[in-house]
2 protein chains.
Amino acid sequence: MPTPTHRLTPQRKVILEELRNTRSHPTADEVYQLVRKRLPRISLGTVYRNLDFLHSQGLVCKLDKAGSQMRFDAFTVPHLHITCVRCGKIVDLPAETATVKLHVPKDVPFEIQGHWLELFGLCPDCKSQSRNAGHGKHDHQTK
Amino acid sequence: MPTPTHRLTPQRKVILEELRNTRSHPTADEVYQLVRKRLPRISLGTVYRNLDFLHSQGLVCKLDKAGSQMRFDAFTVPHLHITCVRCGKIVDLPAETATVKLHVPKDVPFEIQGHWLELFGLCPDCKSQSRNAGHGKHDHQTK
DNA sequence: ATATCTGCAAAGGATTTGCACGAGT
DNA sequence: ACTCGTGCAAATCCTTTGCAGATAT
């Protein structure tokens, strides 16, 4: 399905490599900063375009639900994420960490295709500084 | 916790009423359009400020993971959402529609506080027009 | 009086886009 | 030659903020 004329340019190669070298789910701007060390003349626009391109090729994942900014990773095996509610850090978890069972009422006017689950909590760093705990940022499901 | 000097101004009242009169999970701008019919001189900034205020009072929910824009609802009973991958429409589902079981490895360096689950699929309207199906927008968990 | 709110307009941050030049075939 | 990709800057979209005037107690 990729048009055969797409090229693996140096920019795309370096972006993918940098993404594969980190486990930190960087934002587009963070990718830009990383890549710039090796390609000082690259532009942020190119980074955005190529992250999109690599995403369309199935080579990187786009985490659009991770906060106000999009985050990316090149770890394409299905897995879960846990996000620190304080600092926003994201850590991978094996997919088997959670099981979701659906009991969908018959009358739901939707063809359900799948689900998206993410966990949230406090990372060790933020846990230690933890004083002002309750901030009510998550409404539902904060069981 | 709310300072006792907060007022229920006309703007706040109307915003809350409009939000309670719809099941459509409107964006801030959509709330603004609705409210403007009754308070033509209200500003978008006020709508944002008051949606935040009502959220801080626990009167409205802020759906920050529903897409690129924030969405709001005044239905504060815990429940789930299903989002149409085509048109973005959101529909409520009872909380019991899904059960999540966690089997968290001992070595996860996080204090898990909770989870967030959302469903996605095709709404009836989009289902009928459904021709160009596969768009690979969701990466993980698209079982 | 005084603290809270409002409307307005400007600023802000993240992402996308238009365009002319550069690179690969 | 021709298409695709890049850098740069400007534009866009959503949201937040500063400020001076208005409102309620």
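Summarised in this report is the structure supplied together with it.

Focus on the protein's contact with DNA strand C
And step 1. Around DNA strand C, the structure places 18 residues, and the nearest of them are A:Tyr48, A:Gln69, A:Met70, B:Thr9 and B:Thr46.
And step 2. Of everything in DNA strand C that lies within 4 Å of the protein, sugar and phosphate atoms constitute 74%.
And step 3. For DNA strand C, a phosphate oxygen lies 2.2 Å from a polar atom in the side chain of A:Tyr48.
And step 4. In this structure, a phosphate oxygen belonging to DNA strand C sits 2.9 Å away from a main-chain N or O atom of B:Arg7.
And step 5. For the surface near DNA strand C, the secondary structure elements donating two or more residues are helix H3 (44–56) of chain A together with helix H1 (10–20) and helix H3 (44–56) of chain B.
And step 6. Looking at side-chain class alone, the surface near DNA strand C contains 4 nonpolar, 8 polar and 6 charged residues.

Side note on the side chain of A:His25
All names here are of chain A.
And step 1. Within the secondary structure, His25 is located in the loop between helix H1 (10–20) and helix H2 (28–36).
And step 2. In terms of polar contacts, His25 uses its side chain to reach the backbone carbonyl oxygen of Arg23, at 3.2 Å.
And step 3. Within the structure, His25 has its side chain in polar contact with the side chain of Asp92 (distance 2.7 Å).
And step 4. Filtering out sequence-adjacent residues up to four positions away, His25 remains in contact with Glu30, Leu63, Arg71, Phe72, Asp73, His81, Ile90, Val91 and Asp92.

Digging into the packing of H1(A) against H3(A)
All names here are of chain A.
And step 1. Viewed as axis vectors pointing N to C, H1 and H3 meet at an angle of 75°, and their least axial separation amounts to 10 Å. The orientation of H1 relative to H3 falls into the category roughly perpendicular. On H3, the residues that touch Gln11, Arg12, Ile15, Leu16 and Leu19 of H1 are Thr46, Val47, Asn50, Leu51, Phe53 and Leu54.
And step 2. A per-class count over the contact of H1 with H3 returns 7 nonpolar, 3 polar and 1 charged.

A few points about the interface of chain B and chain A
And step 1. Between chain B and chain A, the residue contacts involve 56 residues of the former and 56 residues of the latter.
And step 2. Approximately 4900 Å² of surface area, both sides summed, lies buried where chain B meets chain A, with 59% of it carried by carbon and sulfur atoms.
And step 3. For the pair chain B and chain A, the number of links is 14 residue pairs in polar contact (both at pLDDT 80 or more).
And step 4. Elements with a contribution of two residues or more to the side of chain B that touches chain A: strand E1 (61–63), strand E3 (79–84), strand E4 (90–94), strand E5 (98–102), strand E6 (111–122) and helix H4 (124–128) of chain B.
And step 5. With 12 residues, E6(B) is the single largest residue contributor to the side of chain B that touches chain A.
And step 6. In the side of chain B that touches chain A, the residues fall into 28 nonpolar, 15 polar and 13 charged.
And step 7. Where strand E5 (residues 98–102) of chain A lies against E5(B), 5 bridges are found, and the strand directions are antiparallel.

Concerning the relation of the copies chain B and chain A
And step 1. The operation relating chain B to chain A is a screw motion whose rotation component is 180°, with 0.0 Å of axial translation and a residual RMSD of 0.1 Å. What the rotation and shift describe, once combined, is the action of a two-fold rotation axis.
And step 2. Counting the interface residues of chain B, we find that 100% of their copies in chain A are interface residues as well, pointing to one common contact surface.

Digging into the side chain of B:Thr97
Residues and elements named next belong to chain B.
And step 1. Relative to the helices and strands, Thr97 is located in the loop between E4 and E5.
And step 2. Note on Thr97: relative accessible area 1%, which makes it buried.
And step 3. Polar contacts involving the side chain of Thr97 include one to the main-chain carbonyl oxygen of Pro94, which spans 2.7 Å.

Definitions and cut-offs
Residues numbered from 1 in each chain as written. Chains lettered and ligands numbered in written order. Predicted model: local features only at pLDDT ≥ 70, side-chain atom pairs only at ≥ 80, totals over all residues. Heavy atoms only, no water. Near = heavy atom within 4 Å. Polar contact = N/O pair within 3.5 Å; in protein donor to acceptor, adjacent residues only side chain to side chain. Helix = DSSP H or I, 4+ residues; strand = E, 2+ residues; numbered from the N terminus. Nonpolar A, V, L, I, M, F, W, Y, C, P; charged D, E, K, R; others polar. Contact = heavy atoms within 4.5 Å. Axes fitted to C-alpha atoms, helices over the stretch in contact; angles between N-to-C directions. Parallel < 35°, antiparallel > 145°, perpendicular 65-115°, else oblique. Buried area = accessible area lost by both parts, 1.4 Å probe. Pairing = 2+ DSSP bridges. Least-squares fit on C-alpha atoms with pLDDT ≥ 70 in both. Buried < 20%, exposed > 50% of the residue type's maximum accessible area, 1.4 Å probe, protein only.

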